[in-house]
Amino acid sequence: MKDMQAQLEKLQRDAAECALIRDLATDPKKRELFAKLAEHLAVLASAVEQAIGESTAATSLLICRPSRKNVDASLTELL
């Protein structure tokens, strides 16, 4: 999970840098290129962020889910 978080942060930094270069570029072609790069990197960062969220949700479900053995023991105690 830490590696995904690190990649997310790198993608976000790279997108911000491309946006800055876009804003400072005087050549229209360079401006267009860095605008596309910034947008593409932002989309990738969003996808990684979503994957982290889904992974975190799945992990928390597994952690909170009682085992069959614990459920059987609880039922036995009730009976």
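Note that the structure is predicted; figures quoted are calculated from it, not measured. (Residues numbered from 1 in each chain as written. Predicted model: local features only at pLDDT ≥ 70, side-chain atom pairs only at ≥ 80, totals over all residues. Heavy atoms only, no water.)

1. Some thoughts on the overall build of the protein chain
Thinking step 1. Across its full length, the protein chain carries 3 helices and 0 strands.
Thinking step 2. Helices (α) and strands (β) of the protein chain occur, in sequence order from the N terminus, as α-α-α.
Thinking step 3. For the protein chain, long-range pairs separated by at least 24 residues make up 61% of all intrachain contacts whose partners lie at least 6 apart in sequence.
Thinking step 4. Counting every atom, the protein chain has about 6,500 Å² of accessible surface; 62% of that belongs to carbon and sulfur. (Helix = DSSP H or I, 4+ residues; strand = E, 2+ residues; numbered from the N terminus. Contact = heavy atoms within 4.5 Å. Areas by Shrake-Rupley, 256 points an atom, 1.4 Å probe, with all protein chains shown as cover.)

2. Some details on the confidence of the model for the protein chain
Thinking step 1. Residue-level pLDDT values for the protein chain average 85, and 72% of them are 70 or greater.
Thinking step 2. Put simply, helix H3 (residues 68-78) is where the protein chain has its lowest mean pLDDT, 59, and helix H1 (residues 2-24) is where it has its highest, 96. (pLDDT = per-residue confidence, 0-100.)

3. Structural notes on the nonpolar core
Thinking step 1. Grouped together as the largest cluster of nonpolar side chains are 10 residues: Leu8, Leu11, Ala15, Cys18, Ala19, Phe34, Ala38, Leu41, Ala45 and Ile52.
Thinking step 2. Broken down by secondary-structure element, the contributors of at least two residues to this core are H1 and helix H2 (28-64).
Thinking step 3. Those residues in contact with Leu8 that sit more than four places away from it in its chain are Ala45, Val48, Glu49 and Ile52. (Core = buried A, V, L, I, M, F, W, Y, C linked by side-chain atoms within 4.5 Å. Buried < 20%, exposed > 50% of the residue type's maximum accessible area, 1.4 Å probe, protein only.)

4. Description of the environment of Ser55
Thinking step 1. In this fold, Ser55 is placed in helix H2.
Thinking step 2. Between the C-alpha atoms of Ser55 and Met1, which are 54 residues apart in sequence, the distance is 8.4 Å.

5. Remarks on the pattern of salt bridges
Once their charged atoms are close, side chains differing in charge can pair, the charge on each being opposite to the other.
Thinking step 1. Following the criterion strictly, the structure yields 3 salt bridges and no others.
Thinking step 2. For Lys10, the salt bridge is made with Asp14, and the minimal N-O distance between the two is 2.8 Å. Here Lys10 pairs with Asp14, and both are found in helix H1, just 4 residues apart, close to one helical turn.
Thinking step 3. Its relative accessible area of 38% is what places Lys10 among the partly exposed residues.
Thinking step 4. By relative accessible area, which is 21% here, Asp14 ends up partly exposed.
Thinking step 5. Between Glu32 and Lys36 there is a salt bridge, with its nearest N and O atoms 3.4 Å apart. Highlighted residues: Glu32 and Lys36, both in helix H2, separated by 4 residues, approximately one helical turn.
Thinking step 6. Assessed through its relative accessible area of 53%, Lys36 is described here as exposed. (Salt bridge = Lys/Arg side-chain N within 4 Å of Asp/Glu carboxyl O.)

6. Observations regarding H1
Thinking step 1. The terminal C-alpha atoms of H1 lie 33 Å apart, and with 23 residues this matches the ideal 33 Å at 1.5 Å per residue to within 8%.
Thinking step 2. Along H1, the residues classified as buried are Leu8, Leu11, Ala15, Cys18 and Ala19. (Expected span 1.5 Å × (residues − 1).)

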